[in-house]
Amino acid sequence: MRRALRLLTRSIPRLDRALLRNEGYLSPELKEYARRLVTRYDEAMTRLAAKGDQPVSSADYKLLSRTISELRPAVEMYEQLEKKQNELGELVNMVVEDNLMRNLVEEDKQRLLAELREIEAHVCQAITPRDSADSNSAILEVRAGTGGEEAALFTGDMLTAYQKLATRQHWIFEELHRSESEKGGIKEASVSVVGDGVFGMLKCECGVHRVQRVPQTDAFGRVHTSTMTVAVLPQPREIELQLNPVDLKVETFRSGGAGGQHVNKTDSAVRLTHLPTGIVINMQEERSQLQNRSKAMKLLHARLYELQRQEAQDEQSKLRRQQIGTAARSEKIRTYNFPQDRVTDHRIGRSVHGIQSVMEGGNGLVDLMEALRIHYETKALEALMKR
């Protein structure tokens, strides 16, 4: 954030002179961006209060309320900033001949300067461009990569780490699908993680995770390198994605695989096909057809919402696409080196020691996620200044 602030603030030899010219601290581009947010906020407030011939629909009411809630912190901080700048401007323009009064005015100016610096930092943080889906819940998908059985075991370890993280964050962690290897590892799995801000926190986990350790399957104690991949899809809110029943083909069939007497006895498994996109979801984890259909619908909604988001991002800008691009399977984002008790995130060049804390979903993992959040916020601010 400090690096971003240095880019956003101006180099002014004398603050008094700058204030007299009404330049302030922030660059004109950033100040204009903040003003646009204030305008959006005011328009949403006016629309929400509309009565008479143009009542607000239930869906619009939810969208407007969400817009107001998201913009309010930035608007309030910017209004505070302008208020303090006006107060400081009045002090700068004040003509004082008495020495005692001049000292008191100087003290007030220094106090306001300190307050302005603090408010300015909050403004920068509040207006940082954010993904509109950051506050959503998410679908987490893990898959074993190269490394055979060891890759599957590592995938299972990572899924457990995310489950423990969800427990610490008071999120709801529900398994939707799991395919296990012969020795108890995970070939692939999909889970629903429900809570406020889940996608915003987990999206930086997208990509290829590499592990270096001695596998349980190696009798000679040799260090092996294996990989697994993580994908995180935002779960749409009801008002963000509407699914037309006409576009959906629903089929039932008998479950296969291990499962006792129930398997192949009833048509409890469900296959959903979204005809316009060709997306197919098979679900047979539960004994109840209703439960399988519910899970399949949740996964289908997430896939369609992600497709919708990617299409919009492709049209808008390459910068926005980069946030989803971190899920590319060829990109190694992090290495877990067990012999050295170290986890390194290659995107920010940061290493943390105490690998157990990361694998337990503890502070080690949370610290990496926070560092990545700050990193991407800083890049977003830098990109904003180049527009």
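Residues numbered from 1 in each chain as written. Predicted model: local features only at pLDDT ≥ 70, side-chain atom pairs only at ≥ 80, totals over all residues. Heavy atoms only, no water.

A. Broad picture of the pattern of salt bridges. With the rule as written, the count across this model stands at 23 salt bridges. With a shortest N-O distance of 3.9 Å, D108 and R111 are connected by a salt bridge. One end of the pair is D108 and the other is R111, both in helix 5 (residues 99-126) and three residues apart, which spans about a single turn. Across the salt bridge formed by R111 and E115, the nearest N and O atoms sit 3.3 Å from each other. Separated by four residues within a single helix, R111 and E115 lie in helix 5, roughly one turn from each other. For R111, a relative accessible area of 40% translates into the label partly exposed. (Salt bridge = Lys/Arg side-chain N within 4 Å of Asp/Glu carboxyl O. Helix = DSSP H or I, 4+ residues; strand = E, 2+ residues; numbered from the N terminus. Buried < 20%, exposed > 50% of the residue type's maximum accessible area, 1.4 Å probe, protein only.)

B. Expanded view of the pairing of strand 7 (residues 269-274). Within strand 7, five of the six residues are buried, which leaves it mostly tucked inside the rest of the structure. Here six bridges tie strand 6 (residues 248-253) to strand 7, and the two strands are oriented antiparallel to one another. Paired with K249 across the bridge in strand 7 is T273. Pairing geometry for strand 7 and strand 8 (residues 279-283), over five bridges, is antiparallel. For R271, the partnering residue across the bridge sits in strand 8 and is N282. Following strand 7, the chain reverses through four residues before pairing antiparallel with strand 8; G278 in that reversal takes a positive phi of roughly 80 degrees. (Pairing = 2+ DSSP bridges.)

C. View of the environment of I279. On the secondary structure map, I279 appears in strand 8. Among the residues examined, I279 registers a relative accessible area of 18% and is labelled buried. Sequence-wise, I279 and R303 are 24 residues apart; in three dimensions their C-alpha atoms are separated by 8.1 Å. Apart from the residues lying within four places of it in its own chain, the contact partners of I279 are L272, T273, H274, L300, R303, L304 and L307. (Contact = heavy atoms within 4.5 Å.)

D. Structural context of the packing of helix 3 (residues 28-48) against helix 4 (residues 58-93). The geometry of helix 3 relative to helix 4 is characterised by a closest axis approach of 8 Å and an angle of 135 degrees between their N-to-C directions. The angle between helix 3 and helix 4 places the two elements in the oblique class. Relative to helix 4, the crossing made by helix 3 is left-handed. For the contact of helix 3 with helix 4, the per-class residue count stands at 14 nonpolar, three polar and seven charged. (Axes fitted to C-alpha atoms, helices over the stretch in contact; angles between N-to-C directions. Parallel < 35°, antiparallel > 145°, perpendicular 65-115°, else oblique. Left-handed = near helix turned anticlockwise from the far one by under 90°. Nonpolar A, V, L, I, M, F, W, Y, C, P; charged D, E, K, R; others polar.)

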